[in-house]
Amino acid sequence: MTSVPVLHLDNVAHAFGDMQVLQPMDLLVESGEFVAIVGPSGCGKTTILNLCSGWLTPSRGAVRQGGRSRTVFQHDGLFPWLTVGENVRLGLRHLPEAERSTRVAHWLGLIDLVSFERHYPHQLSGGMRQRVELVRALAGETDLLLMDEPFSSLDYLTRLRLRGELARLLREQPRTIVLVTHDIEEAAQLADRVLVLSERPARVCDEVRIDAHRPRDLTHPAVVNAVHRILTGLGLEQDRPATSASTPLTS
Ligand SMILES: Nc1ncnc2c1ncn2[C@@H]1O[C@H](COP(=O)(O)OP(=O)(O)OP(=O)(O)O)[C@@H](O)[C@H]1O
């Protein structure tokens, strides 16, 4: 199978004024790949996402996108004046009118919210709104989803549940995703590849591949090893002989 690059950061570096945020980096994201970016607070993760979306122009290098992208933020991205069903429907504008209602029901069914189709966002809990936001993003036609801490405002149990749902939804509708997260377990559970960034000015200090099918339990050996290696990359754990520095992590 030939892979198609959806995103290419070619020797990209960025500075805000005289503050260097990002050291030159290369990143090639292929179609269907899920890449997570983790790193210390303030190191430049959101800046990378903004460079990927084209919202920021890099001080150096070039960003090439192979299609359309959409950014999913941590805060509510739903239109408060539209119902849940209408919000999801917005993501389906590429489909013929007749198909949209069936697809809305299908997507809401996947997140157990069919009976909330006529509710407005303010009538839902934070976790429910985030689930709607997620399916709205996944149901759309965009080639690249850029996610900035999409679950960070949620409680731990809801985050765990949503991670599982995202993994399941991705089986239904594979997507190319770049996810920025503080949550190392989230990165290890979801991503095919995790980029570990250093302190600002950020550089990629490790790249961890996780070759295990999704959904993955937190106790899956590939997840446990990846978490350990990411923590080691961040300088938060001592390395141990069990995880070799450059071998891919497999199931
Ligand atoms: N528009 C801007 N103008 C000037 N400085 C900025 C701007 N946006 C971000 N910065 C600075 O760039 C650095 C990186 O910010 P960024 O938001 O990318 O970090 P982050 O890794 O996403 O942080 P966190 O994990 O805390 O969300 C920070 O020092 C921040 O103050």
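In the annotation of an unreviewed UniProt entry, the entry for the protein reads Bicarbonate transport ATP-binding protein CmpD, and the organism field reads Luteitalea pratensis.

Participant: It is not clear to me how the overall build of the protein should be interpreted in this structure. Could you clarify?
Facilitator: When its secondary structure is counted, the protein shows seven helices and 10 strands. By principal-axis analysis of the C-alpha atoms, the protein measures approximately 55 × 40 × 40 Å. Across the protein, contacts joining residues at least 24 apart in sequence account for 71% of those joining residues at least 6 apart.

Participant: Would you explain the site of the ligand in this entry?
Facilitator: Inspection of the region around the ligand gives Phe 16, Val 21, Gly 39, Ser 41, Gly 42, Cys 43, Gly 44, Lys 45, Thr 46, Thr 47, His 182 and Arg 200 as its neighbouring residues. Its residues assigned to classes, the shell around the ligand comprises three nonpolar, seven polar and two charged.

Participant: Help me understand the domain arrangement of the protein in this model?
Facilitator: A common measure of how large an interface is: the accessible area buried when the components associate. Each assigned domain of the protein is listed here: domain 1 (1-68 + 142-238) and domain 2 (79-140). A straight line from the C-alpha centre of domain 1 to that of domain 2 covers 26 Å. The partner domain 2 presents 11 residues to the 14 residues of domain 1 that form the contact. Split into classes, the residues belonging to the side of domain 1 that touches domain 2 amount to seven nonpolar, four polar and three charged.

Participant: In this structure, what is going on with the packing of helix 4 (residues 126-139) against helix 5 (residues 156-172)? I would like to understand it.
Facilitator: To describe two helices that pack against each other, one gives the angle between their axes and the distance between the axes. Relative to each other, helix 4 and helix 5 sit at 20°, their axes nearing to 11 Å. In terms of axis orientation, helix 4 runs roughly parallel to helix 5. At the point where helix 4 passes helix 5, the crossing takes the right-handed sense. Along its contact with helix 4, which presents Gly 127, Gln 130, Arg 131, Leu 134, Val 135 and Leu 138, the element helix 5 presents Thr 158, Leu 162, Glu 165, Leu 166 and Leu 169. The class makeup of the residues in the contact of helix 4 with helix 5 is six nonpolar, three polar and two charged.

Participant: I tried to follow helix 5 on my own but got confused; where do I start?
Facilitator: Every α-helix winds through 3.6 residues per turn, so residues three or four apart in the chain are directed the same way. When the terminal C-alpha atoms of helix 5 are compared, their 25 Å separation across 17 residues agrees well with the 24 Å that a helix rising 1.5 Å per residue should span. Every buried residue of helix 5 is accounted for by Leu 162, Arg 163, Leu 166 and Leu 169. Buried residues along helix 5 cover an arc of 130° about the axis, so they all sit on one side. Those residues of helix 5 that are exposed and angled more than 90 degrees off the buried face are Leu 157 and Arg 171. Against the buried residues of helix 5 lie helix 3 (97-110), helix 4 and helix 6 (184-190).

Participant: Which parts of the structure should I look at to understand the nonpolar core?
Facilitator: Across soluble globular proteins, you tend to see nonpolar side chains buried next to one another. Core analysis: the biggest nonpolar cluster contains 61 residues, and Val 178 and Val 194 have the highest contact counts within it. If one sorts the elements of this core by residue count, helix 4 sits on top with six residues. Residue-level mapping places this core at the junction of two domains, with at least three residues from each of domain 1 (1-68 + 142-238) and domain 2 (79-140). When sequence neighbours within four positions are dropped, the list of residues in contact with Val 178 reads Leu 7, Val 29, Val 35, Ile 37, Leu 49, Cys 52 and Leu 146.

Participant: Explain unusual backbone geometry here, please?
Facilitator: Glycine aside, the phi torsion of most residues is negative, and most peptide linkages are trans. Cis geometry is found at the peptide bond from Arg 200 to Pro 201, where omega equals -5°. In this model, Arg 214 is joined to Pro 215 through a cis peptide bond whose omega is -5°. The phi angle at Asn 11 is positive, at roughly 55°, despite the residue not being glycine. One can find Asn 11 in strand 1 (residues 5-16). Judged by C-beta crowding, with 11 C-beta atoms within 10 Å, Asn 11 ranks as exposed. The phi dihedral of Asp 112 is positive, around 65°, even though this residue is not glycine. C-beta crowding within 10 Å serves as the criterion here: with 11 such atoms nearby, Asp 112 is assigned to the exposed category.

What counts and how
- Residues numbered from 1 in each chain as written.
- Predicted model: local features only at pLDDT ≥ 70, side-chain atom pairs only at ≥ 80, totals over all residues.
- Helix = DSSP H or I, 4+ residues; strand = E, 2+ residues; numbered from the N terminus.
- Contact = placed C-beta atoms within 7 Å.
- Near = placed C-beta within 6 Å.
- Nonpolar A, V, L, I, M, F, W, Y, C, P; charged D, E, K, R; others polar.
- Domains from an automatic or database assignment.
- Axes fitted to C-alpha atoms, helices over the stretch in contact; angles between N-to-C directions.
- Parallel < 35°, antiparallel > 145°, perpendicular 65-115°, else oblique.
- Left-handed = near helix turned anticlockwise from the far one by under 90°.
- Expected span 1.5 Å × (residues − 1).
- Buried ≥ 20, exposed ≤ 12 C-beta atoms within 10 Å, placed from the backbone.
- Arc of directions from axis to C-beta.
- Core = buried A, V, L, I, M, F, W, Y, C linked by C-beta atoms within 7 Å.

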